[in-house]
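Descriptive analysis of the structure
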Amino acid sequence: MAISQLNQLYASASPTPHEKGRTCRYAGQAVRALPIRVITVGKKRSEGVRLLVDEYKTKLKPYCSFEDSLVRSNPRNAQDVRAQVEDEEVAMMKLIGSDDWVVVLDERGRDIDSEAMAELLGDAGNSGASRISFCIGGAYGHGRQVRKRANVTIRLSSMVLNHQIALVVLMEQLYRSWTILKGQNYHH
């Protein structure tokens, strides 16, 4: 499926219902494993978050290559919120490749369950993209360019999450997604 077709699919899709027993349409099938990059806006991570991220990086190694990039929040110490978001956006856009499949995490994004996250990885693998880039914004969210560049915008929760918590939840869901795709016994 081409990237443009997948963009239309995700743009027109209604929120995924959380159906008990729902299965991923790619479960047990061969899926092209794209490298994953997670771009997070924030400050130095706490030791606990670093340990959890490292644990999930290790768990993801059998499935895909993984890169974690931290963009410094408010790099020029701007007093204006708009200037802060723009500065963070410039740094984030420099890390997004022209042929990346971009997933923006945002509280107003599409609500998806774990099976839908696995399908998102499968769809991206079939899209012709060279990498999946997940973008976690800073305290004031994402700028217009990042939102416009997104192939899909999702949310991890209907609650607003601190960027460090969002990163840990995303890492666990990426691992869970791969176990769903491979038909392994982690998810039930």
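Structure: above.
Rules and cut-offs
- Residues numbered from 1 in each chain as written.
- Predicted model: local features only at pLDDT ≥ 70, side-chain atom pairs only at ≥ 80, totals over all residues.
- Heavy atoms only, no water.
- Axes fitted to C-alpha atoms, helices over the stretch in contact; angles between N-to-C directions.
- Helix = DSSP H or I, 4+ residues; strand = E, 2+ residues; numbered from the N terminus.
- Parallel < 35°, antiparallel > 145°, perpendicular 65-115°, else oblique.
- Left-handed = near helix turned anticlockwise from the far one by under 90°.
- Contact = heavy atoms within 4.5 Å.
- Nonpolar A, V, L, I, M, F, W, Y, C, P; charged D, E, K, R; others polar.
- Buried < 20%, exposed > 50% of the residue type's maximum accessible area, 1.4 Å probe, protein only.
- Pairing = 2+ DSSP bridges.

Observations regarding the packing of helix H2 (residues 47-60) against helix H6 (residues 163-181)
- Interaxial distance between H2 and H6 falls to 10 Å at its minimum, and their mutual angle equals 15°. What the angle tells us is that H2 and H6 run roughly parallel. Judged by the twist between their axes, the crossing of H2 over H6 is left-handed. Counting all contacts with H2, which are made through Val49, Leu52, Val53, Tyr56, Lys57, Lys59 and Leu60, the residues of H6 involved are Gln164, Leu167, Val168, Met171, Glu172, Leu174, Tyr175 and Trp178.
- Tallied by class, residues from the contact of H2 with H6 come to 11 nonpolar, one polar and three charged.

Quick notes on the environment of Ile136
- Topologically, Ile136 is positioned in strand S4 (residues 131-136).
- Exposure remark for Ile136: the relative accessible area of 4% places this residue in the buried category.
- Sequence separation between Ile136 and Ala166 is 30 residues, and the spatial gap between their C-alpha atoms is 7.5 Å.
- When neighbours within four sequence positions are excluded, Ile136 is seen to be in contact with Val38, Ile39, Thr40, Val41, Met92, Leu105, His142, His163, Ala166, Leu167 and Leu170.

Section: the side chain of Ser73
- Structurally, the position occupied by Ser73 is in the loop between strand S2 (66-72) and helix H3 (81-95).
- Under the relative-accessibility criterion, Ser73 is labelled buried at 13%.
- Ignoring sequence-local partners within four residues, the contact set of Ser73 consists of Val41, Gly42, Lys43 and Glu88.

What to know about the environment of Leu52
- Within the secondary structure, Leu52 sits in helix H2.
- Distance in space between the C-alpha atoms of Leu52 and Val169 is 9.9 Å, their sequence separation being 117 residues.

Section: the sheet that holds S2
- With respect to topology, five strands assemble into an open sheet ordered S2-S1-S4-S3-S5, the strand pairing being parallel. The open sheet terminates on both sides in strands that have one partner only, identified here as S2 and strand S5 (152-155). Looking at each pair of strands side by side, their axes are set apart by 30° on average, direction ignored.
- As judged from the five bridges shared by strand S3 (residues 100-111) and S5, these two strands associate in the parallel manner. Bridge pairing in S5 places Asp111 opposite Arg155.

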